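Next come the chains, spelled out residue by residue.
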Amino acid sequence: MAFTMRAVKVPPNSASLEEARHRVFDFFKQACRSIPTVMEIYNLDDVVTPSQLRSTIAKEIRKNQNITNPKVIDMLLFKGMEELNNIVEHAKQRHHVIGQYVIGQEGLVQELGSKDQGSSDFLKKFYSSNYF
Amino acid sequence: MAAAALRPAILRRIRLSPSPPLALAAAASQPHALARWLARPMSSHDAHLTREEVVDRVLDVLKSHPKVDPSKVTPEAHFEKDLGLDSLDTVEVVMAIEEEFKLEIPDKEADKIDSLPLAIEYVANHPMAG
């Protein structure tokens, strides 16, 4: 938390969707430029390439591409910035980064495949993720 | 004063072609030797990228992008119109080019790069591209 308080300043709200859009690209660039540092900190050279990480960041951003409210985009950008700072400041461990950005959300739950057969729809969703 | 400051800057950009009479003259007189000394490469890797090399490497970067069909990549392609990339993909490609050539393209320039000719032009004209 202390890391974040120091590193992330809340910028004024974006006045328009266009400005928010621009900020997203700036954030993406910033994240891309910190990839070499991140690969070095977490020793990721043998598990992932910079271009894969770039695509993962783009995919994370694209998850929210349907959002048109600049305030929501600002909020998500803040969270993204926070996450990036945590990663760059080594506030995470190697397996956090690998689990989240190299293997990905789906990769971690794939093994569950056959165990939840016959269970209710709710349980299936519950097993795959608790975010629904 | 200003002329004195300008002189090395100008001399650094002048390349003398090493034809025999000129080389003799250069050996004979001091000013030419000074000019050659000023025009010497300032770093050990003086071999600037050739245009063909830049084109090849930029094309390779594009072809390795997961969303790009490698057969559509030509030196004249436009990122959005010909390759079907969106604005975020374009930024991603520009970032990949930055990484490939060890550059940092400022935002103003990066925003303008939306096609392969512009990207190749920028990298080929960049003195630090390596």
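This is a predicted model, so every value here is computed, not measured.

## Examining the overall build of chain A
Line of reasoning, step 1. A tally of helices and strands in chain A yields seven helices and zero strands.
Line of reasoning, step 2. When the helices and strands of chain A are read in sequence order from the N terminus, they spell out α-α-α-α-α-α-α.
Line of reasoning, step 3. Burial analysis of chain A (132 residues in total) assigns 34% to the buried set.
Line of reasoning, step 4. For chain A, contacts bridging at least 24 residues in sequence account for 66% of all contacts bridging at least 6.

## Concerning the nonpolar core
Line of reasoning, step 1. Within the largest apolar cluster, 29 residues are counted, with the highest numbers of intra-cluster contacts made by B:Leu62, B:Phe79 and B:Phe101.
Line of reasoning, step 2. Those residues within four positions of B:Phe101 in sequence are excluded, and the remaining contacts are B:Leu49, B:Val54, B:Arg57, B:Val58, B:Val123, B:Met128, B:Ala129 and B:Gly130.
Line of reasoning, step 3. Listed in part, the 27 residues of the second largest apolar core include A:Ala20, A:Tyr42, A:Ile98 and B:Val91.

## Regarding the UniProt feature "domain: Carrier" (unreviewed entry) in chain B
Line of reasoning, step 1. In the numbering used here, UniProt assigns the feature "domain: Carrier" (unreviewed entry) to residues 52-127 of chain B.
Line of reasoning, step 2. Along residues 52-127 of chain B one finds 57% helix and 0% strand; the C-alpha atoms at either end are 16 Å apart.

## Some points on helix H5 (residues 70-88) of chain A
Line of reasoning, step 1. Along its 19 residues, H5(A) runs 26 Å from first to last C-alpha, staying within 8% of the 27 Å computed at 1.5 Å per residue.
Line of reasoning, step 2. The N-cap of H5(A), judged by a side-chain oxygen 3.0 Å from the amide nitrogen of A:Lys71 a few residues on, is A:Asn69.

## Examining the layout of surface pockets
Line of reasoning, step 1. A volume near 1,500 Å³ is recorded for the largest pocket.
Line of reasoning, step 2. Lining the largest pocket are 45 residues, with A:Ile57, A:Lys59, A:Glu60, A:Ile61 and A:Asn64 sitting closest to its centre.
Line of reasoning, step 3. Elements represented by at least two residues in the lining of the largest pocket include exactly helix H2 (17-33), helix H3 (35-41), helix H4 (50-62), H5 and helix H6 (94-109) of chain A together with helix H5 (87-101) of chain B.
Line of reasoning, step 4. Looking at the lining of the largest pocket, the element that brings in the most residues is H4(A), giving nine residues.
Line of reasoning, step 5. For the lining of the largest pocket, a count of residues per class yields 24 nonpolar, 12 polar and nine charged.

## Looking at the environment of A:Val97
Residues and elements named next belong to chain A.
Line of reasoning, step 1. You can see valine 97 is positioned in helix H6.
Line of reasoning, step 2. For valine 97, a relative accessible area of 2% corresponds to the buried category.
Line of reasoning, step 3. As a C-alpha pair, valine 97 and isoleucine 67 span 30 residues in sequence and 26 Å in three-dimensional space.
Line of reasoning, step 4. With near-sequence residues (within four places) excluded, valine 97 lies in contact with Tyr42, Leu44, Lys92 and Val102.

## Observations regarding the environment of B:Asp114
Residue and element names in this part refer to chain B.
Line of reasoning, step 1. With respect to the helices and strands, the residue aspartate 114 is situated in the loop between helix H6 (107-112) and helix H7 (116-125).
Line of reasoning, step 2. Given the relative accessible area of 29%, aspartate 114 is considered partly exposed.
Line of reasoning, step 3. With 20 residues separating them in the primary sequence, aspartate 114 and valine 94 have C-alpha atoms 8.7 Å apart.
Line of reasoning, step 4. Residues within four places of aspartate 114 in sequence aside, it is in contact with His78, Phe79, Glu80 and Thr90.

## Digging into a nonpolar patch on the surface
Line of reasoning, step 1. A cluster of nonpolar residues, A:Phe122, A:Leu123, A:Phe126 and A:Tyr127, forms a patch on the protein surface that exposes about 390 Å² of accessible area.
Line of reasoning, step 2. Mapped onto the elements, A:Leu123 comes out in helix H7 (residues 121-128).

## Regarding the side chain of A:Thr56
Residue and element names in this part refer to chain A.
Line of reasoning, step 1. Summarising the element assignment, threonine 56 is placed in helix H4.
Line of reasoning, step 2. Looking at threonine 56, its side chain comes within polar contact range of the main-chain oxygen of glutamine 52, at 2.8 Å.
Line of reasoning, step 3. At 3.4 Å, the side chain of threonine 56 forms a polar contact with the backbone oxygen of tyrosine 101.

## Points about the interface of chain A and chain B
Line of reasoning, step 1. Taken together, the contact between chain A and chain B spans 14 residues of the former and 17 residues of the latter.
Line of reasoning, step 2. Buried area between chain A and chain B, both sides added, is near 1,400 Å², and the carbon and sulfur share of it is 53%.
Line of reasoning, step 3. Inspection of the chain A/chain B interface yields seven salt bridges.
Line of reasoning, step 4. Its salt-bridge partner being A:Arg62, residue B:Asp89 comes within 3.1 Å of it at the nearest N-O pair.
Line of reasoning, step 5. One can count seven residue pairs in polar contact (both at pLDDT 80 or more) joining chain A with chain B.
Line of reasoning, step 6. Sorting the residues of the side of chain A that touches chain B by element identifies H2 and H4 of chain A as the ones contributing at least two each.
Line of reasoning, step 7. Broken down by class, the residue content of the side of chain A that touches chain B amounts to six nonpolar, two polar and six charged.

Calculation criteria
Residues numbered from 1 in each chain as written. Chains lettered and ligands numbered in written order. Predicted model: local features only at pLDDT ≥ 70, side-chain atom pairs only at ≥ 80, totals over all residues. Heavy atoms only, no water. Helix = DSSP H or I, 4+ residues; strand = E, 2+ residues; numbered from the N terminus. Buried < 20%, exposed > 50% of the residue type's maximum accessible area, 1.4 Å probe, protein only. Contact = heavy atoms within 4.5 Å. Core = buried A, V, L, I, M, F, W, Y, C linked by side-chain atoms within 4.5 Å. UniProt positions renumbered as here; feature names shortened; annotations may be inferred. Expected span 1.5 Å × (residues − 1). Polar contact = N/O pair within 3.5 Å; in protein donor to acceptor, adjacent residues only side chain to side chain. 1 Å grid on protein atoms, 1.4 Å probe; cavity = no way out; pocket = protein on both sides within 12 Å on 5 of 7 lines; lining within 4 Å. Points joined across faces, edges and corners; volume = space filled by probe spheres on them. Nonpolar A, V, L, I, M, F, W, Y, C, P; charged D, E, K, R; others polar. Patch = residues over 30% accessible without salt bridge, like charges linked within 9 Å, V, L, I, M, F, W, Y side chains within 5 Å. Areas by Shrake-Rupley, 256 points an atom, 1.4 Å probe, with all protein chains shown as cover. Salt bridge = Lys/Arg side-chain N within 4 Å of Asp/Glu carboxyl O. Buried area = accessible area lost by both parts, 1.4 Å probe.

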